[in-house]
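Residue strings, one per chain:
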Amino acid sequence: MEFGLFTCPYQYDPLEKAFRDAADFGYDFIELWGGRPHAYPYDLQEDISEIRELIEKYSMPVKVYTPEINAYPYNFMLASDRQWEKCMDYVDISLNAACRMGAEAALFAIGHGGNVPEDRRRDRLMKSLRRMAELADKNGVMIMVETLTPFESNTCTGVRELYDVLKAADSDMLCPMVDLAAPFTQGEDPADYVRMFGKRLNHMHLVDSDGESDTHLIPGEGIMDLKNILTEMRSLGFDGTATIELVTHYMSDPSYYAELALKKAKELLE
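Summary of the structure given here. From a predicted model like this one, the values you see are computed outputs, not experimental measurements.

1. Focus: the overall build of the protein
- A count of helices and strands for the protein gives 10 helices and eight strands.
- Over its C-alpha trace the protein gives a radius of gyration of 17 Å, about what one expects of a compact globule, namely 18 Å for 270 residues.
- By the burial criterion, 55% of the 270 residues in the protein qualify as buried.
- Counting only contacts in the protein whose residues sit at least 6 apart along the sequence, the fraction spanning at least 24 positions is 79%.
- When the accessible surface of the protein is summed, it comes to about 11700 Å², and 45% of that surface belongs to carbon and sulfur atoms.

See below:
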């Protein structure tokens, strides 16, 4: 299994530090967080040379580009039609940046749908996914669709819901991924993503969880039986990549935690 380093905890440091750490610690790829100061899509629209230079200098590909989409200022599940169009422009620019850096996919989470009836949230989601699929096709980059925990979203948080909406969207440009904390916090079996999607599922966020919040923890710091979860997923045919998605919880010393997290992740496969 190939492991990716998520750059979000490095936002107080130069982006090069994340690439250097990934190479030094033995990561296989970068999952690039699309926020300032490092890789905000509109900034990359102006100049993407730094990203390309870091990829070449450290022989460290960016396999997944993950623009910030489920928080301020963009969330395709909320706001007016005009704001939704602005959000789709943001998606378009993000996909173009992903293409130009050589990423295999861009990852977008399904954010909170607001205090509106479920049928209206579903309509908004389908409208968004269909437009995003068109933009993905135009830019030649796949979109990975991520479910969030119920602490983060009220729309399409479960594996069956994700299966249904991707089937309805009916696009080869949209594929599922699984953040292991999402099913765990709502009593689902993460391996059900493999059972449902088979080989279409080729990426995960490998994290531990306390089961009571959306906090993403280093493997071994939570209560998940990650070793058995990974064993079952692999026995069912999962052979994709895994980003160890450390986020703001570990910003105090991202290098220390990135090295420790990779060590713990590799121990799960022994």
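2. Quick look at the side chain of R121
- Its location among the elements puts R121 in helix α5 (residues 118-139).
- Here R121 sits buried without a salt bridge, and the closest side chain of opposite charge, E118, lies 5.0 Å off (N-O distance).
- Among the polar contacts listed, one links the side chain of R121 to the side chain of T155, at a separation of 3.2 Å.

3. What about the sheet that holds strand β5 (residues 142-146)?
- Here we have eight strands rolled up into a closed barrel, ordered β1-β2-β3-β4-β5-β6-β7-β8, and parallel in their pairing. Geometrically, the sheet is characterised by an average inter-axis angle of 30° between neighbouring strands, direction not taken into account.
- Against the sheet, helix α6 (residues 159-169) contacts β5 and β6 (174-179), and its axis sits at roughly 165° relative to β6.

4. Side note on a negative patch on the surface
- Where like charges cluster on the molecular surface, the negative patch consists of E46, D47, E50, E53 and E56.
- Take the negative patch: its biggest share by element is three residues, from helix α3 (residues 49-58).
- Structurally, D47 can be placed in the loop between α2 (41-46) and α3.

5. Notes on the pattern of salt bridges
- Overall, the coordinates contain 13 salt bridges when judged by the stated rule.
- Note that D13 is salt-bridged to K17, the shortest N-O span being 3.8 Å.
- A relative accessible area of 22% places K17 in the partly exposed class.
- In this structure, the salt-bridge partner of E16 is K57, at a minimum N-O distance of 2.6 Å. Of this pair, E16 sits in helix α1 (residues 15-25) while K57 sits in helix α3; the two residues are 41 residues apart in sequence, bridging distant segments of the chain.
- In this structure, a network of salt bridges that share partners links the residues D189, D192, R195 and E232.

6. A word on α1
- Within α1 the residues assigned to the buried category are L15, A18, F19, D21 and A22. For α1, the angular spread of buried residues about the axis comes to 160°, placing them on one side.
- As for α1, its buried residues are in contact with β1 (3-6), β2 (29-34), α3, β3 (62-67) and α10 (254-268).
- Just downstream of α1, G26 is the residue with a positive phi angle, here 100°.

7. Concerning the pairing of β3
- Where burial is concerned, most of β3 is hidden: six out of the six residues are buried.
- Traced from β3 through helix α4 (residues 81-100) to strand β4 (residues 105-109), the parallel crossover comes out right-handed.

8. Quick word on the environment of C8
- Position of C8 among the secondary structure elements: in the loop between β1 and α1.
- Spatially, the C-alpha atom of C8 lies 19 Å from that of I143, the residues being 135 residues apart in sequence.
- Contact partners of C8, with chain neighbours within four places excluded, come to W33, L246, V247 and T248.

9. Re the pairing of strand β8 (residues 241-244)
- Neither face of β8 is exposed, since T241 and T243 on one face and A242 and I244 on the opposite face are all buried.
- Pairing of β1 with β8 involves three bridges; the strand directions are parallel. What sits directly across from F3, in β8, is A242.
- Direction of pairing for strand β7 (residues 203-205) relative to β8: parallel, over a ladder of three bridges. What sits directly across from M204, in β8, is A242.

10. What to know about the packing of aromatic side chains
- If you walk through the whole model with that rule in mind, you get eight aromatic pairs.
- Ring geometry for Y40 versus Y90: centroids 6.3 Å apart, planes at 45°, classification tilted. Of the two residues, Y40 is situated in the loop between β2 and α2 and Y90 in helix α4; the sequence distance between them amounts to 50 residues. Neither Y40 nor Y90 differs from the other in exposure class; each is buried.
- An aromatic cluster is defined as three or more aromatic residues linked by ring pairs; in this entry it consists of Y40, Y42, Y74 and Y90.
- Its end group placed over the ring of W84, K127 keeps NZ or CZ at 4.1 Å from the ring centre.

Cut-offs and rules
- Along each chain, numbering runs from 1 in the same order as the chain's sequence is written.
- pLDDT decides what is reported in this predicted model: residues at 70 or higher carry local features, side-chain atom pairs at 80 or more are listed and counted, and totals for whole chains, interfaces and linings draw on all residues regardless.
- No hydrogens and no water enter the side-chain calculation; it runs on all heavy atoms of the structure.
- Numbering of helices and strands starts at the N terminus; helices are DSSP runs of H or I of at least 4 residues and strands are runs of E of at least 2.
- We compute the radius of gyration from the C-alpha atoms alone; for a globule the expected value is 2.2 Å times N to the 0.38, where N is the number of residues.
- The cut-offs for exposure are 20% and 50% of the maximum accessible area for each residue type, with area from a 1.4 Å probe on protein chains only; residues under the lower value are buried, those over the upper are exposed, and the others partly exposed.
- Any two residues whose heavy atoms approach within 4.5 Å are treated as being in contact.
- Per-residue accessibility takes into account occlusion by the displayed protein chains alone, with areas from the Shrake-Rupley method and a 1.4 Å probe.
- Neither His nor the chain ends is counted toward charge; the positive residues are Lys and Arg and the negative residues Asp and Glu.
- Each reported salt bridge corresponds to a side-chain nitrogen of Lys or Arg within 4 Å of a carboxyl oxygen of Asp or Glu.
- For this analysis, a polar contact is any N or O atom pair within 3.5 Å, provided that within protein one partner can donate a hydrogen and the other can accept it, and provided that sequence-adjacent residues contribute only side-chain to side-chain pairs.
- The rule for pairing is simple: two strands pair if DSSP sees at least two bridges between them.
- Note on method: axes are straight lines fitted to C-alpha atoms, helices fitted across the in-contact stretch only, with angles between N-to-C directions ranging 0 to 180 degrees.
- Candidate patch residues must exceed 30% relative accessible area and have no salt bridge, after which like charges are joined if within 9 Å and Val, Leu, Ile, Met, Phe, Trp or Tyr side chains if within 5 Å.
- Where a charge lies is defined by one atom per residue type: Lys uses NZ, Arg uses CZ, Asp uses CG and Glu uses CD.
- This arc is built from the directions going out from the helix axis to the C-beta atoms.
- The crossover handedness rule: strands pointing away from the viewer, path from first strand over the helix to second strand clockwise, crossover right-handed.
- For Phe, Tyr and Trp, where Trp contributes only its six-membered ring, two rings pair if their centres lie within 6.5 Å, and the inter-plane angle classes them as stacked under 30 degrees, edge-to-face over 60, or tilted in between.
- Placement of a charge over a ring requires the Lys NZ or Arg CZ to be within 6 Å of the ring centre, with the centre-to-atom vector within 35 degrees of the ring normal.

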